[in-house]
Amino acid sequence: MTAAVGLLRRHTLLRSLTIVAAVGLLLWLLTLGLSDYRNEQLARGAYYFAALAGLTVLAGLSGQISLGHGALMAVGAYTAALLIGREGWPVSLALAASVVTTGVVGIPVGIAASRLRGPYLAGATLALAVGLPSLADQYPSLLGGENGLTVNPPIPPSWLGSSFSLSRWEAWVAVLGALLVLFVLYNILHSGSGRSLRAVRDDEIAASLCGLRISRTQATAFVLSAACAGLGGGLLAAVVEQLAAKGAFGIQLSLYLLAGVVIGGLGSLGGAFWGAALLVLLPNWTNDLASSFSLSTNVSNNLPLAIYGLILIGLVLLWPSGIQGGIRAGRRSVSARRAHRRTPSSAA
Amino acid sequence: MTKFIDLTLSGISSGAVDAAVALALVLIWRATRIVNFAQGAMLMITTYIASAIISSTGSYVLGLLVALACGLVMGAVVERILVRPVEGASPLNAVILTLGLYTVLVAVAGMIWGNSPRSFPAAFSLRGYKVGSTRLLFTPNDTFIVLTVVGVALLLGVMFRATSLGLRMRASAFAPEVARLLGVRVGRMLTVGWALAAAAGALAGVLVAPSVFLGPNSFDAILISGFVAAVLGGLDSPPGAVVGGLLLGLALSYVSGYEGSALVPMAALVILVVVLMVRPGGLFSTQQERRV
C-alpha cells in the first residue's frame with residue numbers, strides 16, 4: 001500500500017491517470033443512476049468545467065485574468081456548429097477542430113495579453129467579450145445572426161441499443177471531454193512548464209534571469225487556456241445545448257466563468273470542479289426559492305446573477321482564496337494539529 | 001460627402017459621451033489606481049432613477065439633477081464601503097470587486113425594472129438641423145450633449161487647477177504620504193474623487209440613454225468605449241480623456257457608417273490593443289512610458 005502511494009507520489013502521469021480513472025468511474029456510475037434531467041445537468045457541468053479549468057490555470061498560474069473566455073467559448077461553439085451543420089463532420093472531429101480553432105484565435109489574443117497587466121488586460125479582454133459575439137450580426141448568412149446556428153443532436157452509437165437515453169450519451173461525451181482537460185492540465189501543472197509558469201507569475205524579473213522567456217510562457221498559457229475554453233464551447237454547442245447563438249456568449253457568460261473560478265479558488269483544478277457545480281446548480285436552487293416564495297419572474301430571472309455578484313464581492317473582501325483554498329487551509333490546519341500532537345509523544 | 005459630414009458630426013456627439021465616461025474612469029484611476037468596471041452599471045442605475053423622475057414629474061432638468069446627485073452619493077458610498085478595503089491590494093482583487101459590483105447592479109436593475117429595454121426622453125429635438133435642402137444627422141440634442149460634456153470637462157479642469165479642493169485632490173493622487181503629512185485627509189479626497197467620477201458617469205448615462213435605450217445591459221458598450229477613450233488619453237489626464245473620447249467617437253463613427261455597426265466593439269478592441277502596444281502611456285504621453 002505504502003509502496004503504491006509512493007509510486008503515485010513520484011509519477012505525475014500515473015497519478016493523473018489514477019485520478020482521471022477514478023473520477024471517470026465515479027461519474028460513469030453516476031450517469032447510470034441519474035434521471036435524464038440530472039444527466040443533462042452533469043453534461044452542462046462538464047462543459048463549464050472544461051472552460052473553468054482553462055481559465056483557472058491561466059489566472060492562477062500565469063497570473064493573467066481573462067474576461068474574454070465567454071467569447072472564446074463562442075469561437076469553439078460556432079466552429080463545431082458550422083462543421084457539423086454545414087460540412088457534416090462527425091462530432092469528435094468537430095470538437096477537435098473547435099479546440100484547434102480556438103487555440104489559433106488565442107494566439108494573437110495571448111500575445112497581446114502577455115504584454116498587458118492588471119486592469120489593462122481586464123479591460124482588453126472585456127472588450128473582446130463584448131465585441132466578438134457581435135460579429136454574428138455582422139455576418140448573418142454565415143453565423144445565423146441573433147438566432148444562431150442549431151445543431152442536430154448527437155446520436156448514441158447503435159451498439160448501446162436503440163432505447164439508450166440521449167441525455168446519458170450527452171453526459172458521457174461531455175464528461176469525456178472534461179476528463180481530457182483534467183488529464184492534460186493536471187500533467188502540465190505538475191511538470192516543468194507548470195513550474196516555469198508559477199515562476200513567471202511570482203517574479204517576472206527573477207524568472208527571466210533564470211532564462212525563462214516571459215512573454216512566450218504567458219502567451220502559451222493563454223493559448224492552452226483558450227483551447228480548453230474552445231472545447232467547452234464545442235461541447236456546449238455540439239453536444240449539450242445543440243445551439244450556438246450569440247445571446248449565450250455575452251458578457252454575462254464571461255462573468256459567470258469569472259465567478260466560477262473565483263469561488264473555486266484561482267489556480268486549482270478542484271476549484272474549477274466546485275465552480276462548475278455551482279454554475280449548474282445555483283440557477284436551480286434560486287428557481288426553487290423563487291417559486292416557493294412566489295417571487296416575480298423579474299426577480300427570479302436575475303437572482304442567480306445577483307448571487308454571483310454578491311459572492312464575488314464577499315469573497316474578495318472576506319475569503320480571497322475560494323472554496324478550494326478554504327479546503328486546503330483546513331487540511332493544513334488539521335495536519336498541523338496532528339503534527340503538533342505527534343511531537344510531544346515523540347519527544348517522550 | 002454628405003455621409004462623411006454626417007458621420008463626423010455624429011462621431012463628435014457620441015465621442016462626447018465616451019469622453020464623459022472616460023472622465024469618470026480617469027478620475028477614479030487618478031485617485032485610487034483602480035479601473036472601475038462597475039461604472040457602466042452605476043450610470044445605468046442613475047439613468048433608471050432619472051427616467052422614473054422624468055416620467056413622474058415631466059421635468060427633464062429635475063431628472064438630470066437627481067441622477068447627478070444619486071451618482072455623487074453612490075460613488076462616495078461605493079468607495080467608502082467596498083473599495084476602501086482593496087485599495088493598495090493586488091489589482092486583481094479590485095478588478096474582481098468592481099466586476100462583482102457590476103453584476104449585482106445589473107441583476108438589481110433587472111429585478112426592479114425588468115430586462116427589456118425602454119425608451120428614454122431626449123432633452124431637445126432629435127430632428128437634424130437643416131442646411132440648405134439637406135437635413136444633417138446632427139440634432140439640437142447633439143449640440144446639448146457636446147456643450148454639456150465640454151462644460152463639465154472645463155468645470156472639472158477649473159476645479160483641479162484653481163480651487164483648494166482640487167489642489168488637495170491632486171496632492172492625494174500624486175503623493176498620498178506627503179499629502180497626509182501636510183494635513184490633507186487623503187481618504188476623504190479619494191471618496192470625493194469617486195463621487196465626482198460617478199456623477200460624471202451619471203451625466204453620460206442620461207445623455208446617451210435616448211440613443212441606446214435604457215436596459216440593464218444597454219451601457220456595456222459605452223463602458224468599453226469609455227475605457228478605450230481613457231487609455232487613448234493616457235488614463236491619467238482628464239483633458240486626455242476628453243480628446244481621446246472625441247477621437248474614438250470619430251473613428252468608431254466611420255467604422256459604423258462605412259463597415260457596419262456590429263463591428264464597432266471589435267474596432268474599439270483593435271484600437272485599444274494597438275494603442276497599448278505602440279504607446280502604452282496614451283497618445284499624448286511625454287514622460288517615460290509606464291509599463292502596463
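Residues numbered from 1 in each chain as written. Chains lettered and ligands numbered in written order. Predicted model: local features only at pLDDT ≥ 70, side-chain atom pairs only at ≥ 80, totals over all residues.

Asker: Would you explain the overall build of chain B in this entry?
Answerer: Along the backbone of chain B there are 11 helices and 2 strands. Moving toward the C terminus, one meets the helices and strands of chain B in the order α-α-α-α-β-β-α-α-α-α-α-α-α. Here the C-alpha atoms of chain B give a radius of gyration of 19 Å, agreeing with the 19 Å that 2.2 N^0.38 yields for 292 residues. For the C-alpha atoms alone, the extent of chain B along its principal axes is close to 65 × 45 × 35 Å. Across the 292 residues that make up chain B, the buried fraction comes to 53%. Contacts in chain B between residues far apart in sequence, at least 24 positions, make up 72% of those at least 6 positions apart. (Helix = DSSP H or I, 4+ residues; strand = E, 2+ residues; numbered from the N terminus. Rg over C-alpha atoms; globule rule 2.2 N^0.38 Å. Buried ≥ 20, exposed ≤ 12 C-beta atoms within 10 Å, placed from the backbone. Contact = placed C-beta atoms within 7 Å.)

Asker: In this structure, what is going on with the interface of chain A and chain B? I would like to understand it.
Answerer: Reports often express the size of an interface as the amount of accessible area lost when the parts come together. Contacts between chain A and chain B engage 39 residues on the former and 39 residues on the latter. Looking at the side of chain A that touches chain B, the elements that each hand over two or more residues are α6 (118–131), α7 (135–138), α13 (251–264) and α15 (297–318) of chain A. No other element matches α15 of chain A, which puts 13 residues into the side of chain A that touches chain B. Its residues assigned to classes, the side of chain A that touches chain B comprises 27 nonpolar, 9 polar and 3 charged. (Nonpolar A, V, L, I, M, F, W, Y, C, P; charged D, E, K, R; others polar.)

Asker: Could you clarify how one ought to interpret the packing of helix α10 (residues 238–259) of chain B against helix α11 (residues 264–278) of chain B in this entry?
Answerer: When two helices pack together, their arrangement is given by the angle between the helix axes and the distance between those axes. Residues and elements named next belong to chain B. Axis separation between α10 and α11 bottoms out at 9 Å; the angle between their running directions is 135°. Relative to α11, α10 is oriented oblique. The hand of the α10/α11 crossing is right-handed. Across the interface between the two elements, Leu248, Ala251, Leu252, Val255 and Ser256 of α10 pack against Val264, Ala267, Ala268 and Ile271 of α11. (Axes fitted to C-alpha atoms, helices over the stretch in contact; angles between N-to-C directions. Parallel < 35°, antiparallel > 145°, perpendicular 65-115°, else oblique. Left-handed = near helix turned anticlockwise from the far one by under 90°.)

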